[in-house]
Amino acid sequence: MKKKKIVLFASGAGSNARQLIHYFKDHASVTVSLIVCNKPGAGVTKIAEREGIELMLIDKHRLQSPDFAKILLEKGTDFIILAGFLLKIPATLIEAFPRHIINIHPALLPKYGGKGMYGHYVHEAVINAREKESGITIHYVDEQYDHGATIFQTTCPVSASDTPESLARKVQFLEHQHFAPVVERLVLKEVS
Ligand SMILES: Nc1nc2c(c(=O)[nH]1)N[C@@H](CN(C=O)c1ccc(C(=O)N[C@@H](CCC(=O)O)C(=O)O)cc1)CN2
Ligand SMILES: NCC(=O)N[C@@H]1O[C@H](COP(=O)([O-])[O-])[C@@H](O)[C@H]1O
């Protein structure tokens, strides 16, 4: 049976991308077929090279071209997984992959989401608000940032001594524990 193809979009270090790649290595029904990145030299590009996965470097203009959506469809892409991708996914791509683009956000949406809310800025806002808990949200992608329907959420405590860096480590632990199994569950729903 043909494996379901997932394409990872990432802009940064790529620890979530690496976790997904390792989880689906030799998987019976799912394969990571491509990594898309908008930051030449980002850590995720080194991971793609090391893991022997095709890398496609794009910019905002290319991301927004209808041709790009067509190329991903022609490559047989089944799901697009945003693993720390920092550009807005355009309507052209959302229309080409309805309810098949999934994002992970490092906080408990709907709080601490939207434009400017990425990476360190998210944890800084949570700490500054003296929240007692944070966590992760895995959600479908719609045309707004961090607005699509929630698929999965889980939490971690925030202590008074936490810094944005220590909170990022707690959240990243949750991401690496849950993202791949949640993606697997969604993809396997489509495997007849
Ligand atoms: N259409 C959508 N696109 C994207 C979503 C989404 O939900 N809908 N999620 C983001 C990921 N994300 C939070 O989870 C996020 C990423 C980046 C930003 C942001 O403010 N970006 C800056 C540009 C940063 C840069 O270029 O370095 C900006 O837009 O000014 C907010 C949220 C991925 N895409
Ligand atoms: N709003 C989007 C956002 O902040 N995404 C976050 O970027 C980090 C990427 O880390 P990684 O490159 O090591 O996977 C992850 O924590 C992810 O939740």
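As the structure is a prediction and not an experimental result, all values here were calculated from the model.

**Student:** Before we move on, could you go through the site of ligand 1 and cite the residues and values that matter?
**Tutor:** Surveying the vicinity of ligand 1 reveals 23 residues, the closest of which are Lys115, Gly116, Asp142, Tyr145 and Asp146. A distance of 2.9 Å separates a nitrogen atom of ligand 1 from a polar atom in the backbone of Gln144. Surface burial for ligand 1 is 86%, taken as the share of its 710 Å² of free accessible area covered by protein chains. It is strand 5 (residues 101-105) that contributes the most residues to the shell around ligand 1, 3 residues altogether. Of the residues assigned to the shell around ligand 1, the class counts are 11 nonpolar, 6 polar and 6 charged.

**Student:** Describe in detail the UniProt feature "domain: Formyl transferase N-terminal" (unreviewed entry) in the protein, supporting the description with residues and values.
**Tutor:** If you check UniProt for "domain: Formyl transferase N-terminal" (unreviewed entry), the listed places come out as residues 4-181 in our numbering. What you have in residues 4-181 is 37% helix and 24% strand, and the ends, taken at the C-alpha atoms, are 15 Å apart.

**Student:** Let's hear about the sheet that holds strand 5: which residues, and what values?
**Tutor:** With respect to topology, 7 strands assemble into an open sheet ordered 3-2-1-4-5-6-7, the strand pairing being mixed. In this open sheet, the two edge strands, each paired with only one partner strand, are strand 3 (55-57) and strand 7 (150-157). Each adjacent strand pair in this sheet contributes to an overall mean axis angle of 20°, direction not counted. For strand 5 and strand 6 (residues 133-140), the ladder comprises 4 bridges, and the chain directions are antiparallel. Its bridge partner being in strand 6, Ile102 is matched across the sheet by Tyr140.

**Student:** Now, about the site of ligand 2: what can you tell me, with residues and values included?
**Tutor:** Inspection of the region around ligand 2 gives 14 residues, with Gly14, Ser15, Asn16, Gly119 and Glu175 positioned closest. Within the backbone of Gly14, a nitrogen or oxygen atom sits 2.8 Å from an oxygen atom of ligand 2. Within the backbone of Gly119, an N or O atom sits 2.7 Å from an oxygen atom of ligand 2. The fraction of the free accessible surface of ligand 2 (450 Å²) that becomes covered by protein chains is 88%. For the shell around ligand 2, the elements supplying multiple residues, two or more each, are helix 1 (15-24), strand 5 and helix 7 (164-188). For the shell around ligand 2, the residue count by class is 5 nonpolar, 8 polar and 1 charged.

**Student:** How would you sum up the nonpolar core? Please name residues and give values.
**Tutor:** Ranked by internal contacts, the top residues of the largest apolar core, which has 42 residues, are Ile6, Leu8, Leu20, Ile81, Ile102 and Phe179. The dominant element in this core, judged by the number of residues it contributes, is helix 7, at 9 residues. Sequence-distant contacts of Ile81, that is, excluding residues within four places in its chain, are made with Ile6, Val7, Leu8, Phe9, Leu20, Ile102, Phe179 and Val183. Within the second largest apolar cluster, 21 residues are counted, among which are Val7, Phe9, Leu72 and Phe97.

Reading guide: rules and limits
- Residues numbered from 1 in each chain as written.
- Chains lettered and ligands numbered in written order.
- Predicted model: local features only at pLDDT ≥ 70, side-chain atom pairs only at ≥ 80, totals over all residues.
- Heavy atoms only, no water.
- Near = heavy atom within 4 Å.
- Polar contact = N/O pair within 3.5 Å; in protein donor to acceptor, adjacent residues only side chain to side chain.
- Areas by Shrake-Rupley, 256 points an atom, 1.4 Å probe, with all protein chains shown as cover.
- Helix = DSSP H or I, 4+ residues; strand = E, 2+ residues; numbered from the N terminus.
- Nonpolar A, V, L, I, M, F, W, Y, C, P; charged D, E, K, R; others polar.
- UniProt positions renumbered as here; feature names shortened; annotations may be inferred.
- Pairing = 2+ DSSP bridges.
- Axes fitted to C-alpha atoms, helices over the stretch in contact; angles between N-to-C directions.
- Core = buried A, V, L, I, M, F, W, Y, C linked by side-chain atoms within 4.5 Å.
- Buried < 20%, exposed > 50% of the residue type's maximum accessible area, 1.4 Å probe, protein only.
- Contact = heavy atoms within 4.5 Å.

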